[in-house]
Amino acid sequence: MVKNQIAGGGVVASSKIKRRSPSFYTSMTVAFVNLSIFFIHCPSSSPLLLENDLDVNPLNPIAPPIECSRELDLYCPYDMKCCPTASGYACLGSSEANIPLGSCCEDVEATGCSIGYTCAAADPSSSEDELALVPHCQKQDDSLPPPRDTNGIPIELEFYRAPRYHLCPAMSHELLAQPHGLNISLSATKHSDEKGEGYIGQLAYFSNMGSIDYIDQRQDRASDEKVTTAIIAIHGASRVAANYMCSMIRAVMDYASGNTTTNERVSIQDRYLVLAPWFMAPSDGEPKSNFPPFLKWDEQHPIEFSFRYGAESVPNPDNYATISSFGAMDILLETLTQSTRFANLKHIVIVGHSAGGQFVHRWVLSSNRPCLDGPHIHFVVANPRSYTYLDARRYFPLLDSQPLDDPDQRVSRFNFSTDSHNNALESVLEFRSPTSQERDECPIYDNYIMGLQENPHVPAPYFQSNIDQMKNITNLLCRYSSRGVIYLSGERDADILTSHHCNEVGYHQGMTRSQRSKRFYASIQVLGEENQCTRDPMSDSVSSSTIVHQRMEVKNVGHDHALVFVSSEGQMAMFNYGKNSSDEMIPQFSNNVLGKDTQSSLIHDDHGRRGMFRVALLSSLFSFLFGLWVRRMFLSRKRPEYHDPSIDSLFSGTETTPLKHPQGHCLEK
């Protein structure tokens, strides 16, 4: 690794130079040359190491993309497969990491089906369900053996028909091979004894338009000026960020093709920036450009997929600093809103699915950053496994009524409409605090991540510190309700969930994701009426004064981010939320969704970023001297003592000097 080569450099002491082997000087020279070349190559408007051109070949590289055509330079994310189309290739994924990939459909290009299903044509004569009226996926013949997941467990095919996948376009190798890195300064945390010099690390992300904070040396920057909307997709527990970027690109294509109001063809790339942060885990490997190192979050401790609740990152080996995943997201958002590259950016949509839905929900609830407020930004929370309740109450059976034997019947009798939810809920379940006996049965039911109480087993200093600053539930609720949030719940996301948090039906919010979505949404309506907060800031509806946020069920869809993104409900939540006649959130334009020009215009490659000065400076004496300077500046710092983040608040991502914010909303440039 480059940093280790530098750290092993020669030491001058008592006017005598320690003898080093020739290989040492060779490695030092290479490292210094790379650093000096980068310094000269980097535009003057960009900070040092911004684009991270220090490429090495890590021993544990990240998974490479899947090659569709080397000649055409078309690839798919590593967890997807290539499906041929008339214009090239498209990429097919699956609902979960342990589900094998399904089949490409040939009758309608750039569509596909899950494993165990076949591509079926529309049947206009059928009246069984609306899926039959369009090309869809049909369950395989029952005589065939059931498909199995990667662990060899049979996959239950519950539904006879399912929606088809809308496949995203294959991309160049450059877009998928390596993530970009957003350098996060030590000044973002209070871990440095040198007042914030240097970096804690890089937050990995994929983008359809390259780096968000690096201006390359292309002559034409007009396309950047046309970007008006950024869509940020937050991955789930499987951490397939490139897959999420690809799926979101297809969602944008579908929205554009279905909203034609002008004959003028406008490129999708001209309007949309798609980002997919990658909250890496140690097992994900090492990207090539790893100086400073990429930030990673533990995938097993203290609980699985720790990034989803705002955990601190794995300590930086050089300075032992950490940052919350929520804190890193704050900086990503602020970097984007303050970027000079996208001067006309007007709207930001942040979408999280599954564990990503948990991430977005808890981040929006806890972040104190002003960039999360105002009409220019909204959030979509899709199919999270759990929610963080805002007080100690949950939906329990009425104390004076006999609980129903069938938990599903108990849920199905709910009426969660905003006008009559109180009367409807009281007929079966009651929103109340547990009795002393119920509390004794599950004393941890209101601990974070299920509630707001501090959890010693799940340290989250960012979340707890920011929540504490709100002082009371009214302040917290009113801020949360004032932020533009919409919840999406798959109608078929009804698998019974296991839990380590006591009783599924009461304490743990519900037995399925669908139930949990309904109950949490009902709970914030109750809290909103009790606290009289200002409601949904994005809605023009007269009834908005009685609603906290919005919620929609995604018809015929289960736990699948790709299907959620392209569903009519997903499109409404992401692209039509808060539109008005004077300032449309998403520009309208026509497109040939599968045309060759569409694929090429949607995805932008930054070719020729590197290399112009590398050969010319290989033997420069300046490179050697500059390398010594870099070593001294970045790696010869006194290291602070290490403290366990779980017992020492020194490593809180929030006990810091906050970043400076622009006046007003972040996008008011």
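These numbers come from a predicted model, not from an experiment.

Some words on the side chain of Asn243
Part 1 of the reasoning: Mapped onto the fold, Asn243 is located in helix 5 (residues 241-257).
Part 2 of the reasoning: For Asn243, a relative accessible area of 3% translates into the label buried.
Part 3 of the reasoning: Of note is the side chain of Asn243, whose polar atom sits 2.9 Å from the side chain of His561.
Part 4 of the reasoning: Every residue in contact with Asn243, bar those within four places of it in the chain, is listed here: Pro77, Asp79, Met80 and His561.

Things to note about the confidence of the model for the protein
In low-pLDDT segments, the atomic positions of the prediction should not be examined closely.
Part 1 of the reasoning: Summarising the model, the protein shows a mean pLDDT of 75, and 67% of its residues fall at 70 or more.
Part 2 of the reasoning: Confidence drops under pLDDT 50 across residues 401-427; counting only partners more than four residues distant or on other chains, this segment forms 40 contacts.
Part 3 of the reasoning: Low confidence marks residues 580-624, where pLDDT is under 50. Its contacts with residues over four positions away, or in another chain, come to 129 contacts.

Here's the deal with the pairing of strand 5 (residues 81-85)
Part 1 of the reasoning: As paired strands, strand 5 and strand 6 (residues 88-92) are joined by five bridges and run antiparallel to one another. The residue bridging Lys81 from the neighbouring strand is Leu92, located in strand 6.
Part 2 of the reasoning: Turn length for the strand 5-strand 6 hairpin, with the two strands adjacent in sequence and antiparallel, is two residues.

Considering the state of the cysteines
Disulfides are covalent bonds that connect the sulfur atoms of two cysteines.
Part 1 of the reasoning: Summed over the entire model, instances satisfying the criterion amount to seven disulfides.
Part 2 of the reasoning: One disulfide bridge connects Cys68 with Cys82, the sulfur atoms lying 2.0 Å from each other. Looking along the S-S bond of the Cys68-Cys82 disulfide, the torsion reads about -85°, which is the left-handed sense. Remark: Cys82 occurs in strand 5 and Cys68 occurs in strand 3 (residues 66-69); sequence separation between them is 14 residues. A single burial state applies to Cys68 and to Cys82, both of which are buried.
Part 3 of the reasoning: Note that Cys76 is cross-linked by a disulfide to Cys91, the S-S spacing being 2.0 Å. Negative torsions about the S-S bond denote left-handed disulfides, and the value of about -90° found for Cys76 with Cys91 makes this one left-handed. Taken together, the positions of Cys76 in strand 4 (residues 74-76) and Cys91 in strand 6 put the pair 15 residues apart, joining distant regions of the chain. The same class applies to Cys76 as to Cys91, namely buried.

Points about the packing of helix 5 against helix 15 (residues 568-576)
Part 1 of the reasoning: Relative orientation of the contacting elements helix 5 and helix 15 amounts to 85°, with a least axis distance of 11 Å. In terms of orientation, helix 5 and helix 15 fall into the roughly perpendicular class. In this structure, helix 5 contributes Met248, Ala251, Val252, Asp254 and Tyr255 to the contact, and helix 15 contributes Gln571, Met574, Phe575 and Asn576.
Part 2 of the reasoning: Of the residues contributing to the contact of helix 5 with helix 15, the split by class is six nonpolar, two polar and one charged.

Examining the pairing of strand 19 (residues 377-382)
Part 1 of the reasoning: Of all six residues that make up strand 19, six are buried, and the element is covered over most of its length.
Part 2 of the reasoning: Here strand 19 shows two buried faces, one formed by Ile377, Phe379 and Val381 and the other by His378, Val380 and Ala382.
Part 3 of the reasoning: Where strand 18 (residues 347-353) meets strand 19, six bridges bridge the pair, whose relative direction is parallel. Note that in strand 19 the partner of Val349 across the bridge is His378.
Part 4 of the reasoning: Read as a crossover between parallel neighbours, the route from strand 18 over helix 7 (residues 355-366) to strand 19 is right-handed.
Part 5 of the reasoning: The pairing of strand 19 with strand 22 (residues 485-490) spans four bridges and is parallel. Looking at the pairing, Val381 lines up with Tyr487 of strand 22.

Let's talk about the pattern of salt bridges
As a working rule, side chains carrying opposite charge can pair if their charged atoms are close by.
Part 1 of the reasoning: For the coordinates displayed, the defined rule picks out 21 salt bridges.
Part 2 of the reasoning: The salt bridge involving Glu438 is made with Arg432; its shortest N-O contact spans 2.9 Å.
Part 3 of the reasoning: On the accessibility criterion, Glu438 (16% relative accessible area) is buried.
Part 4 of the reasoning: Exposure remark for Arg432: the relative accessible area of 8% places this residue in the buried category.

Some remarks on the nonpolar core
Part 1 of the reasoning: One finds Leu336, Ile348, Ile350 and Trp363 to be the most contacted residues of the largest nonpolar core, which totals 78 residues.
Part 2 of the reasoning: Broken down by element, the residue count for this core peaks at seven residues, all from helix 6 (residues 325-337).
Part 3 of the reasoning: The residues contacting Trp363, other than those within four sequence positions of it, are Phe326, Met329, Asp330, Leu333, Ile350, Leu372, Phe379 and Tyr462.
Part 4 of the reasoning: Met245, Val351, Ala573 and Met574 belong to the second largest nonpolar core, which has 58 residues in total.

Points about the sheet that holds strand 23 (residues 550-554)
Part 1 of the reasoning: Spatially, eight strands are ordered 14-15-17-16-18-19-22-23 in an open sheet, and the strand pairing comes out mixed. Looking at strand neighbours, the two that pair on one side only are strand 14 (180-185) and strand 23, the edges of this open sheet. Taking the axes of each pair of neighbouring strands and ignoring which way they run, one obtains an average angle of 25° across the sheet.

Considering helix 6
Part 1 of the reasoning: Taking 1.5 Å per residue as the helical rise, helix 6 with its 13 residues ought to reach 18 Å, and the 18 Å between its terminal C-alpha atoms agrees with that figure.
Part 2 of the reasoning: With twelve of 13 residues buried, helix 6 is to be regarded as a mostly interior element.
Part 3 of the reasoning: Ser325, Phe326, Gly327, Ala328, Met329, Asp330, Ile331, Leu332, Leu333, Glu334, Leu336 and Thr337 are the residues of helix 6 that are buried.
Part 4 of the reasoning: The opening residue of helix 6 is Ser324, an N-cap whose side-chain oxygen sits 3.0 Å from the backbone nitrogen of Phe326.

What counts and how
In this convention, every chain numbers its residues from 1, walking through the sequence in written order. It should be noted that, the model being predicted, local features are given only for residues of pLDDT at least 70 and side-chain atom pairs only at 80 or more, the latter also being counted only at that level, while totals for whole chains, interfaces and linings use all residues. Just so you know, side-chain values use all the structure's heavy atoms and leave hydrogens and water out. Numbering of helices and strands starts at the N terminus; helices are DSSP runs of H or I of at least 4 residues and strands are runs of E of at least 2. Partly exposed describes any residue whose relative accessible area lies between the buried limit of under 20% and the exposed limit of over 50%, with all areas from a 1.4 Å probe on protein chains only and scaled to the type maximum. Side-chain atoms alone can form a polar contact between residues adjacent in sequence; in general such a contact is a pair of N or O atoms within 3.5 Å, and within protein one must be able to donate a hydrogen while the other accepts it. Here, two residues are considered to be in contact whenever any of their heavy atoms come within 4.5 Å of each other. Within a predicted model, pLDDT stands for the predictor's per-residue confidence, ranging from 0 to 100. Note: two strands are recorded as paired if DSSP finds a minimum of 2 bridges between them. In plain terms, two cysteine sulfur atoms within 2.5 Å form what is called a disulfide here. Axes here refer to lines fitted to C-alpha atoms; in helices the fit is confined to the stretch in contact. Angles between the N-to-C directions go from 0 to 180 degrees. Working rule for angles: under 35 degrees goes down as roughly parallel, over 145 as roughly antiparallel, 65 to 115 as roughly perpendicular, anything else as oblique. Each residue gets one label: Ala, Val, Leu, Ile, Met, Phe, Trp, Tyr, Cys and Pro are nonpolar, Asp, Glu, Lys and Arg are charged, and the others, such as Gly, are polar. We call a crossover right-handed when, viewed with the strands running away from us, the connection from the first strand over the helix to the second turns clockwise. When a carboxyl oxygen of Asp or Glu lies within 4 Å of a side-chain nitrogen of Lys or Arg, that pair is called a salt bridge. Nonpolar core, defined: a set of buried Ala, Val, Leu, Ile, Met, Phe, Trp, Tyr and Cys residues in which side-chain atoms within 4.5 Å join the residues together. For a helix, the expected span equals 1.5 Å multiplied by the residue count minus one.

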